[in-house]
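Spelled out, the chains give:
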Amino acid sequence: MKYTVIIPAAGMGSRMHMDYNKVFIRLGDTPIIRMTVEKFEADPDCEAIHLAGRKAEMDTLWEMLQGCTKVKGIHEGGRERQHSIHNVLRAIEPADYVFVHDGARPFVSQHTLDDLKASVEMHQAVICGVKPKDTLKRISGDEVEETIDRASVIAVHTPQAFQYDLLMRAYQNAAEKNLSVTDDSMMVEALGKRVHVTASTYDNIKITTEEDLKVAESIMKKGSE
Ligand SMILES: Nc1ccn([C@@H]2O[C@H](COP(=O)(O)OP(=O)(O)OP(=O)(O)O)[C@@H](O)[C@H]2O)c(=O)n1
Ligand SMILES: O=P(O)(O)OC[C@@H](O)[C@@H](O)[C@@H](O)CO
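If you're wondering where the values come from, they're calculated on a predicted model, not measured in any experiment.

Notes on the environment of Asp-142
Here's step 1: Position of Asp-142 relative to the elements: it lies in the loop between strand E8 (136-140) and strand E9 (143-148).
Here's step 2: Among the residues examined, Asp-142 registers 5 C-beta atoms within 10 Å and is labelled exposed.
Here's step 3: Sequence separation between Asp-142 and Val-181 is 39 residues; the distance between their C-alpha atoms is 25 Å.

Side note on the UniProt feature "site: Positions MEP for the nucleophilic attack" (unreviewed entry) in the protein
Here's step 1: Per the UniProt record, the feature "site: Positions MEP for the nucleophilic attack" (unreviewed entry) sits at Arg-150 and Lys-206.
Here's step 2: Along the polypeptide, Arg-150 turns up in the loop between E9 and strand E10 (155-163).
Here's step 3: Those residues in contact with Arg-150 that sit more than four places away from it in its chain are Pro-132, Thr-135 and Leu-136.
Here's step 4: Within the fold, Lys-206 resides in the loop between strand E11 (196-199) and helix H7 (210-222).
Here's step 5: Residue class for Lys-206 comes out partly exposed when judged on the 14 C-beta atoms lying within 10 Å of it.
Here's step 6: In contact with Lys-206, not counting residues within four places along its chain, are Asp-102, Ala-104 and Arg-105.

Comments concerning the site of ligand 2
Here's step 1: Arg-81, Asp-102, Val-156, His-157, Thr-158, Thr-182, Asp-183 and Lys-206 make up every residue found near ligand 2.
Here's step 2: No other element matches the three residues that E10 contributes to the shell around ligand 2.
Here's step 3: Here the residues of the shell around ligand 2 are counted per class, giving one nonpolar, three polar and four charged.

Notes on the site of ligand 1
Here's step 1: The local shell around ligand 1 holds 22 residues, among which Pro-8, Ala-10, Gly-11, Arg-15 and Gly-103 are the closest.
Here's step 2: Broken down by class, the residue content of the shell around ligand 1 amounts to seven nonpolar, eight polar and seven charged.

Here we look at the UniProt feature "site: Transition state stabilizer" (unreviewed entry) in the protein
Here's step 1: Cross-referencing UniProt, the feature "site: Transition state stabilizer" (unreviewed entry) maps to Arg-15 and Lys-22 in the present numbering.
Here's step 2: When you line up the elements, Arg-15 lands in the loop between strand E1 (3-8) and strand E2 (26-27).
Here's step 3: Setting aside anything within four residues of it in sequence, one finds Arg-15 in contact with Thr-208 and Thr-209.
Here's step 4: Looking at the element boundaries, Lys-22 is found in the loop between E1 and E2.
Here's step 5: We classify Lys-22 as buried; it has 24 C-beta atoms within 10 Å.
Here's step 6: Every residue in contact with Lys-22, bar those within four places of it in the chain, is listed here: Gly-13, Met-16, Ile-32, Ala-104 and Ile-207.

Some details on the sheet that holds E11
The pairing of strands in a sheet comes from backbone hydrogen bonds and takes either a parallel or an antiparallel form.
Here's step 1: Ordered in space as E5-E4-E1-E6-E10-E7-E11, the seven strands form an open sheet in which the pairing is mixed. Each edge of the open sheet carries a strand with a single partner, namely strand E5 (71-76) and E11. Direction aside, the axes of adjacent strands within the sheet are offset by 25 degrees on average.
Here's step 2: Of the pairings in the sheet, the one linking strand E7 (residues 125-130) to E11 comprises four bridges and is parallel in character. Paired with Ile-127 across the two strands is Val-197, which belongs to E11.
Here's step 3: Here helix H4 (residues 110-123) sits on the sheet in contact with strand E6 (97-100), E7, E10 and E11, set at roughly 145 degrees to E7.

Considerations on the nonpolar core
Here's step 1: Formed by 46 residues in total, the largest nonpolar core has its most connected members in Ile-6, Ala-9, Val-98 and Phe-162.
Here's step 2: Setting aside chain neighbours within four positions, we find Ile-6 in contact with His-50, Ile-85, Val-88, Leu-89, Val-98 and Val-100.

Cut-off values and rules
Residues numbered from 1 in each chain as written. Chains lettered and ligands numbered in written order. Predicted model: local features only at pLDDT ≥ 70, side-chain atom pairs only at ≥ 80, totals over all residues. Helix = DSSP H or I, 4+ residues; strand = E, 2+ residues; numbered from the N terminus. Buried ≥ 20, exposed ≤ 12 C-beta atoms within 10 Å, placed from the backbone. UniProt positions renumbered as here; feature names shortened; annotations may be inferred. Contact = placed C-beta atoms within 7 Å. Near = placed C-beta within 6 Å. Nonpolar A, V, L, I, M, F, W, Y, C, P; charged D, E, K, R; others polar. Pairing = 2+ DSSP bridges. Axes fitted to C-alpha atoms, helices over the stretch in contact; angles between N-to-C directions. Core = buried A, V, L, I, M, F, W, Y, C linked by C-beta atoms within 7 Å.

Quick look at the structure:
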């Protein structure tokens, strides 16, 4: 199978409290966004990489991704992550399969990509995630309402993999109905379609806050899984 990946990188990184987009932060010598893109450069089944970027940051992005030969376009992002991805989806050539992967997750493993590829061919919509390690409770204000059976939940990561037509329909439906979502799968779920699940790794963190930079450094030191 061959696929195109959409990498949203048009956020503000506001929870990182820096005066520039967090995907430009260097881990060692390499900007986070380049580390993320390189994971897909290295996967022989990835044919094209398209990013969403902020208008004022296009030149910086192209510069940081110099030599990444699969990067075919950087498209203007939108207000929220979902708008950025929709802009890219509308701009790209149709492909059999589309993966969506956060620009801020530089430690995705080849194994995770391989599992998603095998599964999406059978199931059309596949997400990856890890089992929570903590006890989980539903709360109301500062009171516990119930303990959630943690065997029945996962913490969801990206990449998320879809048949192109299905993802297109899901994004169109979400736009028409003005749905607000936090991942791409939610839009497919809104169509009443089944979404399958494969394993991610605990290293596949989304770099969101300052503490995550320390975790990222230690993942780099030990080598990511
Ligand atoms: N309008 C937006 C918002 C987010 N993203 C991208 O979506 C990914 C995951 O989003 P998140 O971690 O929430 O990033 P930010 O929105 O940048 O962070 P924050 O919410 O702290 O501002 C990031 O790679 C980010 O650049 C995007 O392309 N367009
Ligand atoms: O933290 P935010 O809600 O802005 O973004 C979350 C999404 O990027 C996130 O849902 C996926 O990475 C899957 O976990």
